[in-house]
Number of protein chains: 2
Amino acid sequence: MPQSSLINRRIVLAARPHGEPADSDFRLETGEVPQPGPGQVLLRTVYLSLDPYMRGRMSDAPSYAEPVQVGQPMVGGTVTRVEASNHPQYQPGEWVLAQSGWQDYAVSDGTGLVRLGANPQHPSYSLGVLGMPGFTGYMGLLDIGQPKAGETVVVAAASGAVGAVVGQIAKIHGCKVVGIAGGPDKCRYVVDELGFDECLDHKAPDLPGRLARAVPQGIDVYFENVGGAVFDAVLPLLNPRARVPVCGLISAYNATSQPEGPDRLALLMRTILTKRLKMQGFIIFNEYAHRYGEFREAMEGLIKEGRIKYREDVVDGLENAPRGLIGLLKGENAGKRIVRVGPDERSAT
Amino acid sequence: MPQSSLINRRIVLAARPHGEPADSDFRLETGEVPQPGPGQVLLRTVYLSLDPYMRGRMSDAPSYAEPVQVGQPMVGGTVTRVEASNHPQYQPGEWVLAQSGWQDYAVSDGTGLVRLGANPQHPSYSLGVLGMPGFTGYMGLLDIGQPKAGETVVVAAASGAVGAVVGQIAKIHGCKVVGIAGGPDKCRYVVDELGFDECLDHKAPDLPGRLARAVPQGIDVYFENVGGAVFDAVLPLLNPRARVPVCGLISAYNATSQPEGPDRLALLMRTILTKRLKMQGFIIFNEYAHRYGEFREAMEGLIKEGRIKYREDVVDGLENAPRGLIGLLKGENAGKRIVRVGPDERSAT
């Protein structure tokens, strides 16, 4: 069932997953297309972003954001077009970045919307390299990581939407950059296309040994977005005064219980002390919203100059979004994963 | 055997402790008083500082500083007087802050010495409130902790040399301050003398519940210098964007193995992420040596105005230094623990 102008499809959270999400945790529902009230716009979804943080919203464990309620649509960033407007600042046909979630249509009073103009060159980029993931990588690396020329930066999930930006920006700042990614194809992409100095396959044996050999000068910045075995390999290689921006922990998102002991919490504390590490968590639009304009201008310039490469992995159709997210959490995507929900131009239906 | 002008007593590391240090890990040796060569001064120890970090130097586990070698004198900060000088900048009788360790006499070429003048008012304060511990508390709180008026600051080892400064400075900055200390006497001192808003006895039952009730607004800054059960109680109460300066982990210094599981390393990482915490380790004279003058001037002023209280716990005689350190690691001190090694004035012997 493709997008139509008569029906609003939406994918709701059917059940809270235990561990890895399953198809049965999602449900496709249909309903009427909502009508914009006074001061509201009607938005039609063209692209939906799929991101690892969405796994967190499916759980009711305490986190930095409210969970999705069972029976409610999944949340998510979207690139949309204005279909109808009772809002003085929005005209039909405009492209708008929104948070309208896993559905065809949504109404908005304008809060939190970002205008992309009448004819943006790459509208979907605002979900990736120019949006939340790119902003996360850029600001986390530069503001918390503070990389200096000649330092060694290690990036996990290096072929992902965040990691690809971190590594390329670190290269631009004169760092040695080692990526970690899952499988030889991704590693080849990271080195050949993105220009990292090296990339290690975390699925191959002896990651700790290979990483140690790849960073003979130790690690000055580790951009943390996966956790787990990669962090375990990184920790003993961190240099004194290393910086660890923490923006995600994808390896743990499906965990159902704490791993068995020994309890290494004290070991981590001891390492923070003896190596004088700085570890800092951040949620990009909470901590840095006021710097989005500065980022966007810089990043648009770098893309235009060909200094930042970007690749999308497009899932076709809203009905395939659940499978798309499940696969993303397993690392099966090649580049920033987005869903093509509807056509650029409104269909005649 | 008191200090004499003819013999140099020194306490050496006899064996590396396994767990808690024992008397047998130390040995008192005697030898000749060293003679200063060209450009050197002979220093006589008046006070020796005892500090928790010394436990770390007794081990050969990797740390931020070289371990003491077995058979060599224990390291430590000292307040000394110049007994003889072949150095143009030092005159006999001057008071000097040094790192001459657990012994009566040492020679120095001047490296790392700090002059305290001919007649300092409280020479021993340079080992405590005006020295490494005070500087640690002051700079760690203000530079890493960044406390704002109205925020809640929690300080462990609140009656100790570092904790007492942290809490008093936080009060001066308009914070609500909750201390944690071992036993009712220390807690009374922390509230009645040091002026903390509250102090919790970590030896009494249900620290997590009592702490939660003491910080109804959550915790914005936790000054970490003990680790272990106190940190476990603090972690769930940290507010979003809380800051955790880490300057010590006294509870773990005697640990011989990692605690049993579950492994909470991933839990800590998750908390850093979801609460956007900043945790940062620091070793005061590594990270902040260039700001010692600024600190000293500010702190001398605050002491003079009576806004900072300070208490010393004096152990008498170098031969009692081992017992003094063993007790310090158990928290039996009341205030900054120092050893009176020799008299202010050189004896006639």
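Structure shown above.
Notes on the structure follow. If you're wondering where the values come from, they're calculated on a predicted model, not measured in any experiment. (Residues numbered from 1 in each chain as written. Chains lettered and ligands numbered in written order. Predicted model: local features only at pLDDT ≥ 70, side-chain atom pairs only at ≥ 80, totals over all residues. Heavy atoms only, no water.)

**Side note on the side chain of B:Asn239**
Residues and elements named next belong to chain B. Where we set the bar: Each helix is a run of H or I in the DSSP string that is no shorter than four residues. Each strand is a run of E no shorter than two, and both are numbered from the N terminus. Accessibility here uses a 1.4 Å probe with only protein chains present; expressed as a share of the type maximum, an area under 20% marks a residue as buried, one over 50% as exposed, and anything in between as partly exposed. A contact between two residues is defined here by any heavy atoms of the two lying within 4.5 Å.
Assignment of secondary structure puts Asn 239 in strand E12 (residues 238–246). The class for Asn 239 is buried, based on a relative accessible area of 17%. Ignoring any residue separated from it by four or fewer positions in sequence, one finds Asn 239 in contact with Gln 217, Gly 218, Ile 219, Asp 220, Lys 275 and Leu 277.

**A closer look at empty space enclosed by the protein**
Counted only if it meets this: In this analysis the probe radius is 1.4 Å and the grid spacing 1 Å, with only protein atoms considered; a cavity is a set of points the probe fits into but cannot get out of, a pocket is an open set with protein on both sides within 12 Å along at least five of seven lines, and lining residues have an atom within 4 Å of a point. Grid points are joined across faces, edges and corners, and a volume is the space filled by probe spheres set on the points. Note on residue classes: Ala, Val, Leu, Ile, Met, Phe, Trp, Tyr, Cys and Pro are nonpolar, Asp, Glu, Lys and Arg are charged, and everything else, Gly too, is polar.
Taken as a whole and judged by the stated rule, the model has three cavities of 30 Å³ or more. The volume enclosed by the largest cavity comes to roughly 70 Å³. Forming the boundary of the largest cavity are 13 residues, of which B:Gly160, B:Ala161, B:Ala164, B:Tyr310 and B:Arg311 lie nearest the centre. Among the elements that take part in the lining of the largest cavity, helix H3 (residues 161–172) of chain B stands out by supplying four residues, more than any other. Per-class residue counts for the lining of the largest cavity are six nonpolar, four polar and three charged. If you add up the space inside the second largest cavity, you get close to 50 Å³. Along the walls of the second largest cavity sit A:Ser159, A:Gly160, A:Ala161, A:Ala164, A:Tyr189, A:Lys309, A:Tyr310, A:Arg311, A:Gly335 and A:Lys336, which together make up its complete lining. Tallied by class, residues from the lining of the second largest cavity come to four nonpolar, three polar and three charged.

**Regarding the interface of chain B and chain A**
Cut-off, in case you're wondering: Here's the idea: put two parts together, see how much 1.4 Å probe accessible area each one loses, and the total over both is what we call buried area. Each reported salt bridge corresponds to a side-chain nitrogen of Lys or Arg within 4 Å of a carboxyl oxygen of Asp or Glu.
Tallying the contact residues gives 38 residues for chain B and 38 residues for chain A. Regarding the contact of chain B and chain A, the summed buried area is about 3500 Å², with carbon and sulfur atoms giving 64% of it. Its largest share of buried area at the contact with chain A, chain B owes to B:Asp263, B:Met269 and B:Leu273, together 20% of the area lost on that side. At the junction of chain B with chain A, the criterion picks out six salt bridges. Here B:Glu287 ties to A:Arg276 by a salt bridge, and the two come within 3.2 Å at their closest N and O atoms. Secondary structure elements with two or more residues in the side of chain B that touches chain A: helix H6 (228–234), E12, helix H7 (265–274), strand E13 (278–281) and helix H8 (284–287) of chain B.

**Some details on unusual backbone geometry**
Residue and element names in this part refer to chain A. Phi is positive for Gln 146, close to 45°, though the residue is something other than glycine. For Gln 146, the location among the structural elements is in the loop between helix H2 (132–145) and strand E8 (152–155). Of the residues examined, Gln 146 reaches a relative accessible area of 41% and is grouped as partly exposed. Notably, Ala 157 is not glycine yet its phi reads approximately 45°, a positive angle. Of note, Ala 157 is situated in the loop between E8 and helix H3 (161–172).

**Some details on the sheet that holds strand E8 (residues 152–155) of chain B**
For sheets, the rule is that strands pair by backbone hydrogen bonds, running either parallel or antiparallel. This is how the line gets drawn: The criterion for strand pairing is that DSSP finds at least two bridges linking the strands in question. Angles here are taken between N-to-C directions and fall from 0 to 180 degrees, while the axes themselves are lines fitted to C-alpha atoms, restricted in helices to the stretch in contact.
Ordered by their spatial adjacency, 12 strands build an open sheet running E10(A)-E9(A)-E8(A)-E11(A)-E12(A)-E13(A)-E13(B)-E12(B)-E11(B)-E8(B)-E9(B)-E10(B), and the pairing between neighbours is mixed. Across the chains shown, the open sheet's two edge strands, defined by having one partner strand only, are strand E10 (198–201) of chain A together with strand E10 (198–201) of chain B. Across the sheet, the mean angle from the axis of one strand to that of its neighbour is 15°, orientation sign disregarded. Bridge analysis of E8(B) against strand E11 (residues 219–223) of chain B gives three bridges, and the strand direction is parallel. What sits directly across from B:Val153, in E11(B), is B:Val221. Each of E8, strand E9 (176–181) and strand E11 (219–223) of chain A is contacted by H3(A), which is oriented at about 170° to E8(A), the strand it contacts most. Against the sheet, H3(B) makes contact with E8, strand E9 (176–181) and E11 of chain B, and its axis sits at roughly 170° relative to E8(B), the strand it touches most.

**Examining the packing of H2(A) against helix H9 (residues 292–304) of chain A**
All names here are of chain A. This is how the line gets drawn: The scheme is simple: roughly parallel for angles under 35 degrees, roughly antiparallel for over 145, roughly perpendicular for 65 to 115, oblique for anything else.
For the pair H2 and H9, the least separation of the axes is 10 Å and the interaxial angle reads 95°. What the angle tells us is that H2 and H9 run roughly perpendicular. In contact with Gly 134, Phe 135, Tyr 138 and Met 139 of H2, H9 contributes Tyr 292, Glu 294, Phe 295, Ala 298 and Met 299. Residues belonging to the contact of H2 with H9 are distributed by class as follows: seven nonpolar, one polar and one charged.

**Considerations on the nonpolar core**
Applied cut-off: The term nonpolar core refers to a set of buried residues drawn from Ala, Val, Leu, Ile, Met, Phe, Trp, Tyr and Cys, joined through side-chain atoms within 4.5 Å.
Formed by 62 residues in total, the largest nonpolar core has its most connected members in A:Leu211, A:Tyr222, B:Leu211 and B:Tyr222. If we ignore the near neighbours within four places in the chain, the residues touching B:Tyr222 are B:Val154, B:Ala156, B:Val230, B:Phe231, B:Val234, B:Leu238, B:Arg243, B:Val244 and B:Pro245.

**Some points on helix H7 (residues 265–274) of chain A**
A large share of H7(A) lies buried, amounting to seven of its 10 residues. All buried positions along H7(A) are accounted for by A:Leu265, A:Leu268, A:Met269, A:Thr271, A:Ile272, A:Leu273 and A:Thr274. Contacts made by the buried residues of H7(A) are with helix H6 (228–234) and strand E13 (278–281) of chain A together with H6, E12, H7 and E13 of chain B. After H7(A) finishes, the residue A:Arg276 shows a positive phi value of roughly 50°.

**Some thoughts on the pattern of salt bridges**
Tallying each qualifying case throughout the model produces 50 salt bridges over all chains. Between B:Glu345 and B:Arg81 there is a salt bridge, with its nearest N and O atoms 3.2 Å apart. You can see B:Glu345 sitting in the segment after strand E15 (336–340) and its partner B:Arg81 sitting in strand E4 (residues 78–85), a full 264 residues away along the chain. B:Arg291 is the partner of B:Asp143 in a salt bridge, and the nearest nitrogen-oxygen pair spans 3.3 Å. Placement of B:Asp143 in helix H2 (residues 132–145) and of B:Arg291 in the loop between H8 and helix H9 (292–304) is noted, with a sequence separation of 148 residues between them. Residues participating in the shared-partner salt-bridge network are A:Arg9, A:Asp104 and A:Glu319.

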